[in-house]
Amino acid sequence: MFCNQCQEALNVIGCTKNGVCGKKGEVSDLQDRLLYVLKSVSYYNLKARELGLNEETADKIVLDAFFATLTNTNFDKQAIESYIKKGFEIRDSIKAKLPAGILPAEENLPDVAKVTSENITGMDVAVHSTQNEDVRSLRELLTYGMKGMAAYAHHAYILGYKDEEIFKFIEKGLVATTDDTIGVDDLIGLVLECGQKGVSVLALLDKANIETYGSPEPTAVNIGVRGNPGILISGHDLLDLEQLLEQTKGTGIDVYTHGEMLPANSYPAFKKYNNFAGNYGNAWWRQNEEFEKFNGPVLLTTNCIIPPRESYRNRIYTTGVVGFEGLPHIHEKEDGTKDFTTLIEQAKMSKPPEQLESGTIMGGFAHEAALSVADKIIDAVKTGKISRFMVMAGCDGRHKERAYYTEFAKALPEDTVILTAGCAKYRYNKLDLGDIGGIPRVLDAGQCNDCYSLVVIAQKLAEAFGLEDINDLPVSYNIAWYEQKAVLVLLALLSLGVKNIVLGPTLPAFVSSNVLKVLVDNFNIRPNTTVEEDMKVLLG
């Protein structure tokens, strides 16, 4: 095992026996093989795409299986083995229908095209198999950015939205990581292209969510509990939430969101459900304590599961790409729906959740809501009531160093507004920071994918102020990262020309010193230091 894809990589180098996340070494090795199988699928599907013979089954398995390798998503050995088996079947189906002459002679095929279920176990396909440190670093940066892209494309796909150019780029990028003729300069180009495609996939998902569930509205979200038994839903999958709300309607069961599902409370389509009770708890890493106190069943819909304690293990269910050995999995039926009867029946026998806190928190400030009061915001800037916007988006995590983000938010001047998205918000969204002329000092755009909203807001403000360069706005970026979705969001920001980003709590272990120099020289990325020093830099 060698895994360094998340912020918690052991000693900021990599995990070599078991993952800090709880992933076993055997599962990590299987995920490396699965990734190589996806590269093989992509090799043949790219050839088929040239002839209009590509298969949607290939697109879907690349999205689903790639997503399954994200941090804290799928710990289930059997599930990963199933993806590998299905990948080979789809690869061979595509290969069989390619006309003669489209492929090189067998002896000239690259290794990735010749891999089989028999010989893959003897191949070194882990990240450290690339000897050149800078090539390895760029291959990893590209791969992890594409993992984030696959996750967001997956969210859009299940709502019926897709973009063939995104599928094509992921296939091209996967194959490129196996080609030793592609050097540092070309890999840098692919990494930047990944950022550009990242903007496209974020825009696609934004469109999918809004057209399906309406534009998020500023909403005071209840963080207390009711007296009914409940089901807790965590992750990012809004379609799962919709089906769960519909099936629990009239049952006496309340539904609460957790973690990254919090922003769902601001979508108009979900507000019609009387049993939609609000949000319970905080970011993903506190689930051991919070799931135990919830008392009812918990549904994990996407990444963010951690190994469950025995005290609540019998109440945890996975669905979609999520998996954990021994936990029941809710599968999709042939018609695309899911049956949550098992959770509902268990909920009926459960005690109501214990109260963790009370009151409300504000959410729902995605781009349409924020821009509807753009005149008010612009006037506040022009009159000096707002001196700066601080983008504090990204991920939360369990390292004690992340208390930095709470202290940073507290220390910001009272004329500063925080723009946030992703679970990083839990470090400061319950602080009483007040407002500026009715504008809350924490504007929460939503899930991590809603960082797109922050970009749209910044672009529209630049237009309003007549600025050609987005970096001339009174906007600074203090970004927290944890996993691969955040890598994609960072690359998307860079592709839009955003500079001077402060990144933390540690820099990615997979970025070599030379690749870091490229990022510093071109975008002035810097690691966070102390609240006092970073405040000086970010407030100008």
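Not measured: the values here are computed from a predicted model.

Asks: Pulling in residues and values, what's your account of the UniProt feature "modified residue: Cysteine persulfide" (unreviewed entry) in the protein?
Replies: Per the UniProt record, "modified residue: Cysteine persulfide" (unreviewed entry) is found at Cys 395. Relative to the helices and strands, Cys 395 resides in the loop between strand E9 (388-391) and helix H13 (403-411).

Asks: Help me get a handle on the domain arrangement of the protein, residues and values and all.
Replies: Splitting the protein by domain gives domain 1 (1-129), domain 2 (135-215 + 367-539) and domain 3 (219-349). For domain 2 and domain 3, the distance between their C-alpha centres works out to 27 Å. Contacts between domain 2 and domain 3 engage 26 residues on the former and 27 residues on the latter. Carbon and sulfur atoms make up 59% of the area that domain 2 and domain 3 hide from each other, which totals about 2200 Å². A per-residue breakdown of the area domain 2 buries against domain 3 is headed by Tyr 213, Tyr 426 and Gln 447, which together make up 35% of the total. If you look at where domain 2 meets domain 3, you find 0 salt bridges. There are 16 residue pairs in polar contact (both at pLDDT 80 or more) connecting domain 2 and domain 3. Across the side of domain 2 that touches domain 3, the residue classes break down as 7 nonpolar, 10 polar and 9 charged.

Asks: I'd like a description of the sheet that holds strand E16 (residues 526-527), backed by residues and values.
Replies: Taken together, 6 strands build an open sheet; the order of strands is E13-E10-E9-E14-E15-E16 and the sheet is parallel. Both outer strands of the open sheet, strand E13 (442-444) and E16, are each paired with one neighbouring strand and no more. Bridge count between E9 and strand E10 (residues 416-420): 4 bridges; the pairing is parallel. Residue pairing across strands places Val 391 opposite Leu 419, the latter belonging to E10. Each of E9, E10, strand E14 (475-480) and strand E15 (502-504) touches H13; the most contacted strand, E14, lies at about 155° to it.

Asks: Give a description of the sheet that holds strand E2 (residues 230-234) that names residues and reports values.
Replies: Spatially, E4-E3-E2-E5-E6-E7 is the arrangement adopted by the 6 strands of the open sheet, whose pairing is parallel. The strands lining the two open edges of the sheet, one partner per strand, are strand E4 (276-279) and strand E7 (329-330). As defined by bridge partners, strand E6 (residues 316-319) adjoins E7 across 2 bridges and the pair is classed as parallel. Bridging from a neighbouring strand, Thr 318 pairs with His 329 of E7.

Cut-off values and rules
Residues numbered from 1 in each chain as written. Predicted model: local features only at pLDDT ≥ 70, side-chain atom pairs only at ≥ 80, totals over all residues. Heavy atoms only, no water. UniProt positions renumbered as here; feature names shortened; annotations may be inferred. Helix = DSSP H or I, 4+ residues; strand = E, 2+ residues; numbered from the N terminus. Domains from an automatic or database assignment. Contact = heavy atoms within 4.5 Å. Buried area = accessible area lost by both parts, 1.4 Å probe. Salt bridge = Lys/Arg side-chain N within 4 Å of Asp/Glu carboxyl O. Polar contact = N/O pair within 3.5 Å; in protein donor to acceptor, adjacent residues only side chain to side chain. Nonpolar A, V, L, I, M, F, W, Y, C, P; charged D, E, K, R; others polar. Pairing = 2+ DSSP bridges. Axes fitted to C-alpha atoms, helices over the stretch in contact; angles between N-to-C directions.

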